[in-house]
Amino acid sequence: MLFNSIDFAIFLPIVFALYWLLTRYPLRAQNSLLVIASYVFYGWWDWRFLSLILFSTVVDYCIGVYLNKLSDDRKRKYLLWTSIGVNIGLLMFFKYFNFFVDNFVTAFTFFGAAIKPTSLNIILPVGISFYTFQTLSYTIDVYKRKLEPTHDFIQFSAFVSFFPQLVAGPIERATSLLPQFTMKRKFDKIQAADGMRQILWGLFKKIIVADNCAKYVNVIFENYETMSGSSLMLGAVLFAFQIYGDFSGYSDIGIGTARLFGFNLMQNFAFPYFSRDIAEFWRRWHISLSTWFRDYVYIPLGGSKGSILFQIRNVFVIFLVSGFWHGANWTFIVWGAINALLFLPLLIGKRNRVHKDIVAKDSSLPSFFDFVKILMTFILTCIAWVFFRSDTISDAYHYLAKMINISAFDYPIELQTYVYVFLVFFVIMEWLGRRQQYAIEKTLINYPRFFRWSFYYAITMIIFLYGGETQNFIYFQF
Amino acid sequence: MRNFIFKVILFSILIVVSFLYLYSKRSNPLVDNFTTHNNNYEIINLGNSHGANIKYRDNKGKRFQRAGNTLYYDLQNYKYLQEHLVDNAMVIIPVSYFSFGLDENRTDYIDPNAFVNYYYMFLPSSSIYNYSFKKNIQVYLNKVKENYHSVIDERFFLVEKKVNDSLSLEEKLEHHAKMRSETHKIMAEYSDPEKNVIYLSALIEDIIKNGHQPVLLTMPYADHYNSKFSEAWLDEHYYQYMNKIIDTYQVPYLNYSVDERISTNDSLFSNSDHLNDKGRIYFSDILFEDLRKIQVLNQ
């Protein structure tokens with residue numbers, strides 16, 4: 001079920017009403033409802049893949065329980081690797097099987113050996129990369145004894161399948177989300193109103209920003225050979241907006257929805273395009289995935305300790321794995337490698353943690369140098385995005401090469417004026433709200449009620465009247 | 001909680017009222033054509049955009065064609081309209097080269113809003129192929145959106161498209177014919193023709209059963225357009241099915257597709273497969289005269 005669909009608009013109020021009607025019953029009733037609702041939400045897309053979630057849930061629930069009981073380190077390690085094997089195995093099969101087969105064939109052909117490959121027609125289950133990582137975090141944390149395993153299967157099922165973040169994150173840590181299923185939830189109208197606001201802003205990002213950019217991005221990337229350099233530049237910039245609006249919009253809707261049910265999910269995007277270097281960008285972009293990799297891959301590898309070569313290796317590992325996580329295509333791996341290359345000078349110069357706070361924290365505008373840094377970081381990010389968006393590395397290379405010629409000074413393809421208007425409005429709102437969890441969290445809080453309601457009304461009408469053609473969320477494919 | 005729900009409902013009402021206002025702001029002439037009837041008709045025509053070639057001189061006749069229309073919806077439209085026809089009324093069914101390949105489910109070869117979606121606005125749900133409640137809501141929301149954009153947006157945002165007038169009429173028709181014929185061939189080869197034969201047969205049977213007179217018609221096309229279809233192609237995708245129907249039901253059939261009085265005269269066409277105003281009047285005079293000749297039209 002898509003967040004931006006009529007189905008969800010009907011589904012959400014029904015689940016919300018039932019959920020809060022169950023407050024007088026034991027907590028298990030609310031958790032059970034969440035499990036049922038989450039399975040309906042997921043099954044709406046393809047009910048057959050519910051078995052995968054159920055399988056993952058049962059395996060990790062049992063392993064969690066046994067990990068706690070056992071004291072023999074060898075056996076505990078064996079259980080941990082079983083969980084990792086099952087989860088990563090599912091991911092590898094559904095997401096990467098054909099990629100590996102194709103590449104083996106290519107490699108064998110290169111060395112003169114002809115083999116007949118068996119490629120399978122595998123459908124990628126929506127959100128598999130997200131929920132497998134979430135359950136893995138549970139097993140690893142239980143193994144490390146950072147978390148007591150739950151003995152309540154319903155609670156654990158609700159944690160794994162919680163519909164607001166099931167298919168595209170944020171990838172929640174068991175230490176943060178699981179305890180919330182054990183506590184009695186009370187309706188908090190401030191939290192619920194905040195949730196509604198965040199859903200509204202998420203829908204704006206998705207439907208107005210991302211979907212409107214998508215129609216031009218698709219045309220430009222699919223016909224890049226015939227486009228002027230200026231159009232290609234525009235395409236790269238619009239894709240930067242599209243992917244941010246799409247993914248952070250989904251996160252906002254997910255986080256806002258969770259708030260309606262009394263849950264707090266982690267912030268997944270913290271205004272990444274206002275970053276002053278790539279290191280800051282990666283602290284602000286897809287935070288739940290970056291911190292997952294940091295905690296479960298980067299730090300166990302040694303992190304930033306050890307020799308400089310060791311550190312470089314770790315950085316490359318983390319960015320390449322992150323790229324590969326996004327999809328079974330070399331373009332994602334190159335995208336990860338480019339980000340690693342952009343990150344390395346900062347690491348070597350020990351400047352990767354210079355910008356910890358948001359830009360212009362105590363002023364309304366950035367300094368000139370900060371502005372230039374933001375612009376440079378954005379340009380570098382856009383270049384990397386070209387690899388992310390292109391079908392092949394060759395396409396991305398030619399796209400970038402075609403950008404740099406005299407046609408870069410031509411008029412780019414014509415966009416409808418309202419697209420520019422809404423993009424400028426979006427950037428302004430994001431800038432004004434950059435110190436908050438999301439752009440309109442508190443920006444309007446001190447304004448009179450009439451003004452606030454007018455603003456929300458205008459945003460809602462804009463979403464309906466200027467929404468681009470419905471596109472799937474990009475991150476669903478990951 | 002009560003306060004929160006009250007505010008959400010209030011806000012939703014505000015949005016719904018705005019939608020209703022926008023919805024009522026502008027009616028859709030295409031839908032109005034099917035829903036507004038001043039009297040009972042003696043003659044009507046169904047069909048796709050080619051049906052617009054017929055021009056009725058008085059309000060005894062009316063056009064009920066729809067762009068890209070399928071034979072399935074010709075049948076449904078007739079069922080919807082039959083109560084507005086006088087006894088013995090004539091029902092002209094224009095059938096185009098691509099008609100037997102059309103699919104009642106497919107909407108992607110033309111703007112979906114111009115086609116099936118509008119049927120949600122007046123046909124009963126039982127007449128809609130694969131009716132979906134979700135789509136029904138979407139159709140109404142699209143109407144709100146469309147009304148808003150037509151009323152307000154055009155003034156501020158939309159730039160008029162420049163028309164290339166440098167081409168001669170002949171060149172324009174030739175260019176158009178090339179483009180259209182390719183699209184029409186794709187449409188003709190898309191779906192199962194036998195299914196459309198069944199729909200057309202059901203339509204003819206219904207018309208006869210209700211005491212009305214069916215007339216099959218192939219519209220006039222410019223030579224530019226006709227020349228893009230080989231005889232073999234037309235036999236395979238069009239005439240074999242038309243002949244089958246005519247043989248079965250013995251209904252009058254008038255074929256103007258290559259009528260030299262019209263198809264060789266470029267000045268009668270607005271594009272390669274549609275007549276302009278002058279062409280419509282000229283063709284309609286010929287049509288009604290021929291209908292009188294074969295004694296299916298009395299006056």
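What you see is a predicted model; the values in this text were computed from it and never measured. (Residues numbered from 1 in each chain as written. Chains lettered and ligands numbered in written order. Predicted model: local features only at pLDDT ≥ 70, side-chain atom pairs only at ≥ 80, totals over all residues. Heavy atoms only, no water.)

K.L.:
Requested: an account of the overall build of chain A, with residues and values cited.
P.N.:
A tally of regular secondary structure across chain A gives 17 helices and 0 strands. Here the C-alpha coordinates of chain A stretch approximately 70 × 70 × 45 Å along the principal axes. Of all 478 residues assigned to chain A, the portion counted as buried reaches 58%. Sequence-distant contacts, at least 24 apart, represent 78% of the contacts inside chain A between residues at least 6 apart. Counting only carbon and sulfur atoms, one obtains 67% of the accessible surface of chain A, whose full area is about 21,200 Å². Across chain A, the mean location of the 42 positive side-chain charges is 9 Å away from that of the 30 negative side-chain charges. (Helix = DSSP H or I, 4+ residues; strand = E, 2+ residues; numbered from the N terminus. Buried < 20%, exposed > 50% of the residue type's maximum accessible area, 1.4 Å probe, protein only. Contact = heavy atoms within 4.5 Å. Areas by Shrake-Rupley, 256 points an atom, 1.4 Å probe, with all protein chains shown as cover. Lys, Arg positive; Asp, Glu negative; His and termini not counted. Charge placed at Lys NZ, Arg CZ, Asp CG, Glu CD.)

K.L.:
Give me the overall build of chain B: which residues, what numbers.
P.N.:
Regarding its fold elements, chain B presents 11 helices and 7 strands. Against the 2.2 N^0.38 benchmark of 19 Å for 299 residues, chain B shows a C-alpha radius of gyration of 21 Å, consistent with a compact globule. Along the first, second and third principal axes, the C-alpha set of chain B runs to 75 × 50 × 40 Å. Counted over contacts in chain B with a minimum sequence separation of 6, partners at least 24 positions apart contribute 77%. As displayed, chain B has an accessible area near 15,000 Å², and 53% of this comes from carbon and sulfur atoms. If you average the places of the 32 positive and of the 37 negative side-chain charges in chain B, the two averages end up 10 Å apart. (Rg over C-alpha atoms; globule rule 2.2 N^0.38 Å.)

K.L.:
Any details on the domain arrangement of chain A? Residues and values, ideally.
P.N.:
Residues and elements named next belong to chain A. Segmenting chain A into domains produces domain 1 (6–186) and domain 2 (190–276 + 355–477). Relative to domain 2, the C-alpha centre of domain 1 lies at a distance of 29 Å. Contact residues are listed per partner, giving 26 residues for domain 1 and 18 residues for domain 2. When domain 1 packs against domain 2, the two sides together hide about 1,900 Å² of surface, and 72% of this comes from carbon and sulfur. By the criterion of area lost to domain 2, the three top residues of domain 1 are Pro-164, Ala-168 and Pro-170, representing 25% of everything that side buries. The tally of links from domain 1 across to domain 2 stands at 4 residue pairs in polar contact (both at pLDDT 80 or more). Elements represented by at least two residues in the side of domain 1 that touches domain 2 include exactly helix H1 (6–21), helix H2 (27–46) and helix H7 (174–182). No other element matches the 6 residues that H1 contributes to the side of domain 1 that touches domain 2. Looking at the side of domain 1 that touches domain 2 residue by residue, the class counts come to 20 nonpolar, 4 polar and 2 charged. (Domains from an automatic or database assignment. Buried area = accessible area lost by both parts, 1.4 Å probe. Polar contact = N/O pair within 3.5 Å; in protein donor to acceptor, adjacent residues only side chain to side chain. Nonpolar A, V, L, I, M, F, W, Y, C, P; charged D, E, K, R; others polar.)

K.L.:
So what about the pairing of strand E1 (residues 41–45) of chain B? Which residues, and what values?
P.N.:
Residues and elements named next belong to chain B. In terms of residue burial, E1 counts as a mostly covered element, since 4 of its 5 residues are buried. Judged from the 4 bridges that link them, E1 and strand E3 (residues 85–94) form a sheet pairing that is parallel. Across the sheet, residue Ile-44 finds its bridge partner in E3, namely Val-91. Strand direction decides the pairing type here: E1 and strand E2 (residues 61–63), joined by 3 bridges, are parallel. Counterpart to Ile-43 in the pairing with E2 is Gly-61. (Pairing = 2+ DSSP bridges.)

K.L.:
Could you give an account of the pattern of salt bridges, with specific residues and numbers?
P.N.:
Two side chains carrying opposite charge are able to pair once their charged atoms lie near each other. Residue and element names in this part refer to chain A. Summed over all chains, the structure comprises 23 salt bridges over all chains. Notably, a salt bridge pairs Arg-259 with Asp-194, separated by 2.4 Å at the nearest N-O pair. Taken together, the residues Arg-259 in helix H9 (residues 229–260) and Asp-194 in helix H8 (residues 189–222) connect sequence positions 65 residues apart. Each member of the pair, Arg-259 as well as Asp-194, carries the same accessibility label: buried. By sharing partners, the salt bridges in this structure join Arg-173, Arg-294 and Asp-295 into a single network. (Salt bridge = Lys/Arg side-chain N within 4 Å of Asp/Glu carboxyl O.)

K.L.:
Residues and numbers for the packing of helix H6 (residues 153–161) of chain A against H7 of chain A, please.
P.N.:
Residues and elements named next belong to chain A. Contact geometry of H6 with H7 gives a least axis separation of 9 Å together with a crossing angle of 130 degrees. Classified by the interaxial angle, the pair formed by H6 and H7 is oblique. For the crossing formed where H6 meets H7, the hand is right-handed. Contacts from Gln-155, Phe-156, Ala-158 and Phe-159 of H6 reach H7 at Ala-174, Leu-177, Leu-178, Phe-181 and Thr-182. (Axes fitted to C-alpha atoms, helices over the stretch in contact; angles between N-to-C directions. Parallel < 35°, antiparallel > 145°, perpendicular 65-115°, else oblique. Left-handed = near helix turned anticlockwise from the far one by under 90°.)

K.L.:
For the environment of Tyr-143 of chain A, give the residues involved together with the corresponding values.
P.N.:
All names here are of chain A. Summarising the element assignment, Tyr-143 is placed in helix H5 (residues 128–143). C-alpha separation for the pair Tyr-143 and Val-321, spaced 178 residues apart in sequence, amounts to 23 Å. Residues contacting Tyr-143, with those up to four places away along its chain left out, are Leu-67, Arg-76, Lys-77 and Leu-80.

K.L.:
Just give me the short version of the side chain of Asn-268 of chain A, but keep the residues and values in it.
P.N.:
All names here are of chain A. When you line up the elements, Asn-268 lands in the loop between H9 and helix H10 (278–284). Overall, the relative accessible area of 1% leaves Asn-268 in the buried class. Non-local contacts of Asn-268, meaning those with residues more than four positions away in its chain, are made with Pro-170, Phe-247, Ser-251, Ile-255, Arg-284, Trp-285, His-286, Ile-287 and Ser-288.

K.L.:
Any chance you could break down the interface of chain B and chain A for me, citing the residues and the numbers?
P.N.:
Of the residues lining the interface, 24 residues belong to chain B; the matching set on chain A comes to 25 residues. Remark: the boundary between chain B and chain A carries 1 salt bridge. With its nearest N and O atoms 2.9 Å apart, the salt bridge here joins Lys-134 of chain B to Asp-7 of chain A. Where the side of chain B that touches chain A is concerned, the elements lending two or more residues are helix H1 (2–25) and helix H5 (133–156) of chain B. Here the element with the most residues in the side of chain B that touches chain A is H1 of chain B; it accounts for 11 residues. By residue class, the composition of the side of chain B that touches chain A is 16 nonpolar, 4 polar and 4 charged.

K.L.:
Which residues make up a nonpolar patch on the surface, and what are the values?
P.N.:
All names here are of chain A. Taken together, the side chains of Phe-368, Phe-369, Phe-371, Val-372, Leu-375, Met-376, Ile-379, Leu-380 and Ile-383 define a hydrophobic patch exposed on the protein surface, amounting to about 850 Å² of accessible area. If you trace the backbone, Phe-371 turns up in helix H14 (residues 368–389). Judged by its relative accessible area of 44%, Phe-371 is partly exposed. (Patch = residues over 30% accessible without salt bridge, like charges linked within 9 Å, V, L, I, M, F, W, Y side chains within 5 Å.)

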